[in-house]
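# Structural overview
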Amino acid sequence: MQLIFTKLLWSTLMFTGIIGSIVGFVLPIIPGIPFMILAVYSLKKLSPKFHRWLSRTRLAEWLTKHQPTLAKWLIN
């Protein structure tokens, strides 16, 4: 039961982050980047397979090089 609740919570946060980032990129009043970070972090918690894939991409290399604090939080 707790596993289902946890997956439902991370899924809800992921979809909220995706919708918020889309709205944030369309409307200049709302920032989209924090919502995108929420979506990526929630997806990382939801799927370990996604986490392994994310840590091997060029984006992960770029983040590690240019934004080490953010990369440490999102990728590790």
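All of the points below concern the structure found in this document. As the structure is a computational prediction, the values presented were derived from the model and not from experiment.

## Regarding the environment of Lys45
- Mapped onto the fold, Lys45 is located in helix H2 (residues 33–46).
- Between the C-alpha atom of Lys45 and that of Thr6, which follows or precedes it by 39 residues, the distance is 9.6 Å.

## Examining a nonpolar patch on the surface
- A surface patch of nonpolar side chains, about 860 Å² in accessible area, is lined by Phe15, Ile18, Ile19, Ile22, Val23, Val26, Leu27, Ile29 and Ile30.
- Structurally, Ile30 can be placed in the loop between helix H1 (2–26) and H2.
- Residue classification places Ile30 among the partly exposed positions, given a relative accessible area of 32%.

## Considerations on the side chain of Ser21
- Position of Ser21 relative to the elements: it lies in helix H1.
- From its side chain, Ser21 meets the backbone oxygen of Ile18 in a polar contact 2.8 Å long.
- In contact with Ser21, not counting residues within four places along its chain, are Gly32, Phe35 and Met36.

## Brief notes about the packing of H1 against H2
- Closest axis-to-axis distance for the H1/H2 pair is 7 Å, and the angle between their directions is 155°. On the basis of their axis angle, the class for H1 and H2 is roughly antiparallel. In the packing of H1 onto H2, the handedness of the crossing is left-handed. Counted together, Lys7, Trp10, Ser11, Leu13, Met14, Thr16, Gly17, Ile18, Gly20, Ser21 and Phe25 of H1 and Ile33, Phe35, Met36, Leu38, Ala39, Tyr41, Ser42, Leu43, Lys45 and Leu46 of H2 form the full contact between these two elements.
- Residue classes in the contact of H1 with H2 are distributed as 13 nonpolar, six polar and two charged.

## Here we look at the packing of aromatic side chains
- Tallied over the entire structure, the rule returns two aromatic pairs.
- An angle of 75° between the planes, with centres 6.0 Å apart, marks the rings of Trp10 and Tyr41 as edge-to-face. Here Trp10, found in helix H1, pairs with Tyr41, found in helix H2; they are 31 residues apart in sequence, far enough to count as distant.
- Here the aromatic rings of Phe50 and Trp53 are separated by 5.7 Å at their centres, their planes lie at 35°, and the arrangement is tilted.

## Comments concerning the side chain of Ser42
- Tracing the backbone shows Ser42 in helix H2.
- The exposure class assigned to Ser42 is buried, which follows from its relative accessible area of 0%.
- Residue contacts for Ser42: discarding those within four places in its chain leaves Trp10, Leu13 and Met14.

Rules used in this analysis
Residues numbered from 1 in each chain as written. Predicted model: local features only at pLDDT ≥ 70, side-chain atom pairs only at ≥ 80, totals over all residues. Heavy atoms only, no water. Helix = DSSP H or I, 4+ residues; strand = E, 2+ residues; numbered from the N terminus. Patch = residues over 30% accessible without salt bridge, like charges linked within 9 Å, V, L, I, M, F, W, Y side chains within 5 Å. Areas by Shrake-Rupley, 256 points an atom, 1.4 Å probe, with all protein chains shown as cover. Salt bridge = Lys/Arg side-chain N within 4 Å of Asp/Glu carboxyl O. Buried < 20%, exposed > 50% of the residue type's maximum accessible area, 1.4 Å probe, protein only. Polar contact = N/O pair within 3.5 Å; in protein donor to acceptor, adjacent residues only side chain to side chain. Contact = heavy atoms within 4.5 Å. Axes fitted to C-alpha atoms, helices over the stretch in contact; angles between N-to-C directions. Parallel < 35°, antiparallel > 145°, perpendicular 65-115°, else oblique. Left-handed = near helix turned anticlockwise from the far one by under 90°. Nonpolar A, V, L, I, M, F, W, Y, C, P; charged D, E, K, R; others polar. Phe/Tyr/Trp six-rings, centres within 6.5 Å; stacked < 30°, edge-to-face > 60°.

Interpretation note: all reported values are geometric properties and have no functional meaning in isolation.
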